[in-house]
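What follows is each chain in one-letter form.
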Amino acid sequence: MSAYSPREGDWAVITGAGRGIGRFLAEHFAVKGMRICALDIDAYEADQTARLIGNESIGRGCDVSDRAEVMDVAEKLIAMGVKPSLLWINAGVGSADTIASVEPGILEWVMGVNVMGPVWTAQAFLPAMRAADGPCHVAVTASSASVVPVKGPFTLYSTTKQMTAAVGEALAAELAEDDIGVTILCPGILNTQIWNARQARPERFGGPRSAPEEAGAHWRAQPGPEVLAKGVDATLAKGGGWCIIPTEADTGPLMQDRHNGQHDGFYSYAIQEG
């Protein structure tokens with residue numbers, strides 16, 4: 001797993017880059033001289049990110065839950081010469097729903113973005129990355145909810161984010177022979193608009209819905225995505241792996257509780273030879 005260092009002039013493709021963590025990542029790597037391809041379901045916000053950072057960057061609308069659209073967008077970008085050395089699979093949505101009661105449309109939407117989105121994005125861009133000459137890296141934005149026990153009222157979200165991290169682990173195994181490292185970023189709660197993710201929900205999943213402003217009060221009280229900078233840089237510099245940056249004091253103890261529970265449930269079985 002080789003160290004990855006952003007290189008001036010290289011392309012970084014970042015999904016969910018219209019705002020929040022995605023826009024921070026776009027700005028962060030642009031400062032390092034990279035050209036950014038900002039993808040977002042909101043084409044206007046993607047274009048705004050590209051305009052904000054400049055440096056030959058471009059923005060494109062892309063619904064990562066739609067495989068045909070992702071493949072089409074990737075094909076056109078690669079034909080334009082946008083062959084990423086860094087692919088950051090960041091797009092994600094939040095929803096305060098439970099497995100036992102979630103409506104089918106909401107389930108399909110959250111699964112479509114948080115689980116299938118990373119799969120389709122990887123399938124779309126990995127062939128070009130595998131064929132590249134220089135060092136490449138893939139990153140997946142999961143969540144601190146990926147590493148602690150699933151808890152309410154966001155049990156559906158937590159479930160899908162554990163699956164997001166599992167996709168990252170699968171990619172790490174699959175790309176090892178290509179010497180392409182994989183980072184699994186697990187941030188805590190940050191001041192982003194994930195609480196209002198339904199405002200961009202496609203019609204096939206029930207259409208857009210805007211949450212009341214008071215619903216975002218807890219998120220607005222949290223630090224901004226810039227707190228991720230040092231951890232992100234350090235993880236890429238060592239070639240990838242888990243990058244867990246909690247903003248909640250109980251994340252560490254909860255991680256330990258989960259580990260202890262798995263250990264307590266482990267029963268060895270002596271496999272007999274012959």
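So, how was this worked out
Residues numbered from 1 in each chain as written. Predicted model: local features only at pLDDT ≥ 70, side-chain atom pairs only at ≥ 80, totals over all residues. Heavy atoms only, no water. UniProt positions renumbered as here; feature names shortened; annotations may be inferred. Salt bridge = Lys/Arg side-chain N within 4 Å of Asp/Glu carboxyl O. Helix = DSSP H or I, 4+ residues; strand = E, 2+ residues; numbered from the N terminus. Buried < 20%, exposed > 50% of the residue type's maximum accessible area, 1.4 Å probe, protein only. Axes fitted to C-alpha atoms, helices over the stretch in contact; angles between N-to-C directions. Parallel < 35°, antiparallel > 145°, perpendicular 65-115°, else oblique. Left-handed = near helix turned anticlockwise from the far one by under 90°. Contact = heavy atoms within 4.5 Å. Nonpolar A, V, L, I, M, F, W, Y, C, P; charged D, E, K, R; others polar. Phe/Tyr/Trp six-rings, centres within 6.5 Å; stacked < 30°, edge-to-face > 60°. Lys NZ or Arg CZ within 6 Å of the ring centre and 35° of its normal. Polar contact = N/O pair within 3.5 Å; in protein donor to acceptor, adjacent residues only side chain to side chain.

- The protein chain appears in an unreviewed UniProt entry as SDR family NAD(P)-dependent oxidoreductase from Parerythrobacter jejuensis.
- Turning to the protein chain, the UniProt annotation filed under Sequence similarities (unreviewed entry) states: "Belongs to the short-chain dehydrogenases/reductases (SDR) family."

1. Focus: the pattern of salt bridges
Inference 1: Per the stated rule, a full pass over the model turns up nine salt bridges.
Inference 2: Arg35 is the salt-bridge partner of Glu56, the closest N and O atoms lying 3.5 Å from each other. Of this pair, Glu56 sits in the loop between α2 (43-53) and β3 (58-61) while Arg35 is found in strand β2 (residues 35-40), placing the two residues 21 residues apart along the sequence.
Inference 3: Of the charged contacts in the structure, one is a salt bridge between Arg130 and Asp178, with a shortest N-O distance of 2.9 Å. Within this pair, whereas Arg130 is found in helix α4 (residues 104-130), its partner Asp178 is found in the loop between α5 (155-175) and β6 (181-187), the two being separated by 48 residues in sequence.
Inference 4: Here Arg130 falls in the partly exposed class, since its relative accessible area comes to 43%.
Inference 5: Through salt bridges that share partners, Arg19, Arg23 and Glu45 make up one connected network.

2. Some thoughts on the packing of helix α3 (residues 67-79) against α4
Inference 1: The geometry of α3 relative to α4 is characterised by a closest axis approach of 8 Å and an angle of 25 degrees between their N-to-C directions. In terms of their interaxial angle, α3 and α4 are classed as roughly parallel. For the pair α3 and α4, the crossing hand works out as right-handed. Along the contact surface, α3 presents Arg67, Val70, Met71, Ala74, Leu77 and Ile78, while α4 presents Trp120, Thr121, Gln123, Ala124, Phe125 and Ala128.
Inference 2: Tallied by class, the residues present in the contact of α3 with α4 amount to nine nonpolar, two polar and one charged.

3. Considering the packing of aromatic side chains
Inference 1: The final tally for this structure, using the stated rule, is one aromatic pair.
Inference 2: The ring of Trp109 carries the charged tip of Arg201 above its face, separated from the ring centre by 5.6 Å.

4. A word on the side chain of Asp10
Inference 1: Topologically, Asp10 is positioned in the segment before β1 (11-15).
Inference 2: Since its relative accessible area comes to 16%, Asp10 is described here as buried.
Inference 3: One polar contact links Asp10 to Arg7, side chain to side chain, over a distance of 2.8 Å.
Inference 4: Setting aside residues no more than four positions away along its own chain, Asp10 makes contact with Met34, Arg35 and Ser85.

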